[in-house]
Amino acid sequence: MEVIQALKGRRSIRKFTDEAVSHELIEKIIDSARFAPSWKNTQTARYVVVEDRDLISRIASEGTLGFEHNKGIIEGAPALVIVTSINKRSGYERDGSFSTSKGNEWQMFDAGAASEAFCLSAYAEGVGSVILGIFDEKKVAEIIGLGEDRTVSALIPIGIPAEQPNPTPRKEISEYVTFM
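Overview of the structure. Note that this is a predicted model, so its numbers are computed, not measured.

Attention shifts here to the pattern of salt bridges. Opposite charge on two side chains permits pairing when their charged atoms draw close. Scanning all chains against the criterion turns up 6 salt bridges. Among the salt bridges present, the one from Arg 58 reaches Glu 62, with a minimum N-O distance of 3.1 Å. In this pair, Arg 58 and Glu 62 both sit in helix 3 (residues 53–62), 4 residues apart, roughly one turn of the helix. Through salt bridges with shared partners, a single ionic network connects Arg 58, Glu 62, Lys 139 and Glu 142.

Structure follows, in structure tokens:
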């Protein structure tokens with residue numbers, strides 16, 4: 001699949017079939033996604049794949065801050081990928097100081113790059129995904145038993161698409177770019 005085709009063709013999928021995504025395919029997707037760029041090549045993104053229906057239901061009901069739309073998407077997915085980040089590495093020097101004025105914000109920047117790489121890799125393999133941002137990161141971390149050395153960065157329900165949404169309108173290129 002061509003990169004431009006993937007960028008323009010990928011859609012946020014919110015409805016999935018009941019078909020499970022194999023561990024082999026998920027590992028193949030992550031194998032590609034691990035090439036996402038990261039600050040000083042720290043590679044801090046980690047993926048927790050939840051397939052247990054009870055855990056998925058618990059995350060959906062207790063970890064979505066009462067946002068019913070996300071609750072329904074999570075419950076309808078065969079698997080939930082939780083993108084986590086290793087704390088205090090991205091944006092930090094070995095002595096614990098920051099290298100840039102962004103401080104620890106690089107952690108979320110790297111997690112975003114990793115999440116999009118995951119979704120594009122999934123799309124190339126015929127797997128649908130959507131990045132969810134409305135969730136209670138502490139509650140989700142508690143439910144999955146995530147250590148304090150990591151932070152929940154994003155929730156990505158995945159599965160075989162049961163729909164192919166139309167593209168959403170995009171702003172004109174002139175709104176995106178300024179040449180100086």
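After that view of the structure, there is still more to cover.
This paragraph deals with the packing of aromatic side chains. Enumeration over the complete set of coordinates arrives at 3 aromatic pairs. With a centroid separation of 5.6 Å and 25 degrees between ring planes, the pair formed by Tyr 47 and Phe 118 is classed as stacked. You can see Tyr 47 sitting in strand 1 (residues 45–50) and its partner Phe 118 sitting in helix 5 (residues 106–124), a full 71 residues away along the chain. Side by side, Tyr 47 and Phe 118 carry an identical accessibility label, which is buried. Pairing Trp 106 with Phe 109 gives two aromatic rings, centres 4.9 Å apart and planes at 75 degrees, and the pair type is edge-to-face. Residue Trp 106 and its partner Phe 109 are located together in helix 5, separated by 3 residues, close to a single helical turn. Judged by its relative accessible area of 54%, Phe 109 is exposed.

Following the sequence through the fold, Glu 116 ends up in helix 5. When the C-alpha positions of Glu 116 and Ala 36 are compared, they lie 8.5 Å apart, and in sequence the two are 80 residues distant. Sequence-distant contacts of Glu 116, defined by excluding residues within four places in its chain, comprise Arg 10 and Ile 131.

Let us now look at the sheet that holds strand 1. Ordered by their spatial adjacency, 4 strands build an open sheet running 1-2-4-3, and the pairing between neighbours is antiparallel. Strand pairing shows two members of the sheet lacking a second neighbour, strand 1 and strand 3 (128–129), which therefore form its edges. In terms of strand pairing, strand 3 meets strand 4 (residues 150–159) through 2 bridges, oriented antiparallel. Note on strand 4: the bridge partner recorded for Ser 129 is Ile 158. Of the strands in this sheet, strand 1, strand 2 (79–86) and strand 4 are in contact with helix 6 (residues 137–144), which crosses strand 4 at around 80 degrees.

What counts, and at which threshold
Residue indices follow the written sequence of each chain, beginning from 1 at its first position. Local features are withheld for residues below a pLDDT of 70 in this predicted model, meaning they are given only at 70 or higher, and side-chain atom pairs are given and counted only at 80 or more; totals for whole chains, interfaces and linings count all residues. Hydrogens and waters are ignored; side-chain quantities use all the structure's heavy atoms. We define a salt bridge as a side-chain nitrogen of Lys or Arg found within 4 Å of a carboxyl oxygen belonging to Asp or Glu. Helix and strand assignments come from DSSP, with helices taken as H or I runs of at least 4 residues and strands as E runs of at least 2, each series counted from the N terminus. Ring pairs are drawn from Phe, Tyr and Trp, using the six-membered ring of Trp, whenever the two centres fall within 6.5 Å, and their geometry is named by plane angle: stacked under 30 degrees, edge-to-face over 60, tilted for the rest. Relative accessibility thresholds used throughout: buried, under 20% of the residue-type maximum; exposed, over 50%; partly exposed, between the two (1.4 Å probe, protein chains only). By definition in these notes, contact holds between two residues if any of their heavy atoms fall within 4.5 Å. Note on pairing: two strands pair once DSSP finds at least 2 bridges between them. To define axes, lines are fitted to C-alpha atoms, for helices over the stretch in contact only, and angles between the resulting N-to-C directions are given on a 0 to 180 degree scale.

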